[in-house]
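A closer look at the structure
If you want the building blocks of each chain, they are given just below.
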Amino acid sequence: MICKMSKVRKGTGIAAAYDRWAETYDADPNRTRELAGEILRLAELPIAGRDILEIGCGTGRNTEWLATQAASIIALDFSEEMLRRATTRVRDSKARFIQHDVRIRWPLADETADTIIAMLILEHVEHLKTVFAEAVRVLRLNGRLFICELHPMRQLMGGQAQFSNTQTGELERVGAFLHNVSDFVNGGLSAGFEVRRLDEWRDPEAPSDSIPRLLSLQLRL
Ligand SMILES: C[S@@+](CC[C@H](N)C(=O)[O-])C[C@H]1O[C@@H](n2cnc3c(N)ncnc32)[C@H](O)[C@@H]1O
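First things first, this report covers the structure right here in the doc. The structure presented is a predicted model; accordingly, all values stated were derived computationally and were not measured.

A separate point is unusual backbone geometry. At Glu111, a position not held by glycine, the phi torsion is positive, near 50°. In the Ramachandran plot, Leu120 falls in the positive-phi region, its phi being about 60° despite a non-glycine side chain. Residue position: Leu120 is located in the loop between strand 5 (113–119) and helix 5 (129–138). By C-beta crowding, Leu120 is classed as buried, having 20 other C-beta atoms within 10 Å.

We now examine the environment of Arg137. Its location among the elements puts Arg137 in helix 5. When the C-alpha positions of Arg137 and Ile74 are compared, they lie 15 Å apart, and in sequence the two are 63 residues distant.

Another point: the site of the ligand. Close to the ligand lie 24 residues, the nearest being Tyr18, Gly56, Gly58, Phe78 and Ser79. Contributions of two or more residues to the shell around the ligand are made by helix 1 (13–25), helix 2 (31–42), helix 3 (61–69) and strand 3 (72–77). Ranked by residue count, the leading element in the shell around the ligand is helix 1, at 3 residues. Residue composition of the shell around the ligand, by class: 14 nonpolar, 5 polar and 5 charged.

Quick notes on the rules
Residues numbered from 1 in each chain as written. Predicted model: local features only at pLDDT ≥ 70, side-chain atom pairs only at ≥ 80, totals over all residues. Helix = DSSP H or I, 4+ residues; strand = E, 2+ residues; numbered from the N terminus. Buried ≥ 20, exposed ≤ 12 C-beta atoms within 10 Å, placed from the backbone. Near = placed C-beta within 6 Å. Nonpolar A, V, L, I, M, F, W, Y, C, P; charged D, E, K, R; others polar.

Function cannot be inferred from these measures alone, as they are strictly geometric.
Structure, rendered in structure tokens:
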């Protein structure tokens, strides 16, 4: 079941683009999504037996894995169609899905999560301040915020979430905003986090002087 917590306008914007992408999102070859999933599994985060919040869960590819270990998981996304697929994929009773726009106060009480996972969502969020502030509010002391995003250098070279629209046959680019590495680091520090790790990731076969595909950042409260 999907619980609706904020009004998400249908038809336009980023949520609507993901509604259109949802049908093919899992089947489309997507090296960024695959590498991000691998990075999450390597991150050695406190997940086992913990209360997890995932923002921008999409079709639940990572939610499924997180739910196998967590005590509980709340997964937020503002795309109804992405969530529909996530709820079909993840049947675990520990998982709860909420349709919500993370730019608005999150539907969780203060200090109720141990670890927050944000995979490939923040390029779609123009201002990161609310995200960091809400993460601080809902995390317990020593809680972690794990961010994994398309590397800004990659964005500057034209990298952007995109898909082939099955209705029009055209390539659709999903609205995105550039955040420098320093925006993630300083945004986290200003909100009250400490930085535990910052990593930059290339595909295994990519030359060491190529532009990284992804960055990941682990913050602790
Ligand atoms: C590239 S997908 C990533 C999905 C999943 N995390 C993964 O790694 O496969 C980005 C997701 O973020 C969601 N999203 C983007 N902006 C959002 C917002 N402001 N509030 C909630 N969800 C958002 C989209 O609907 C989409 O499902």
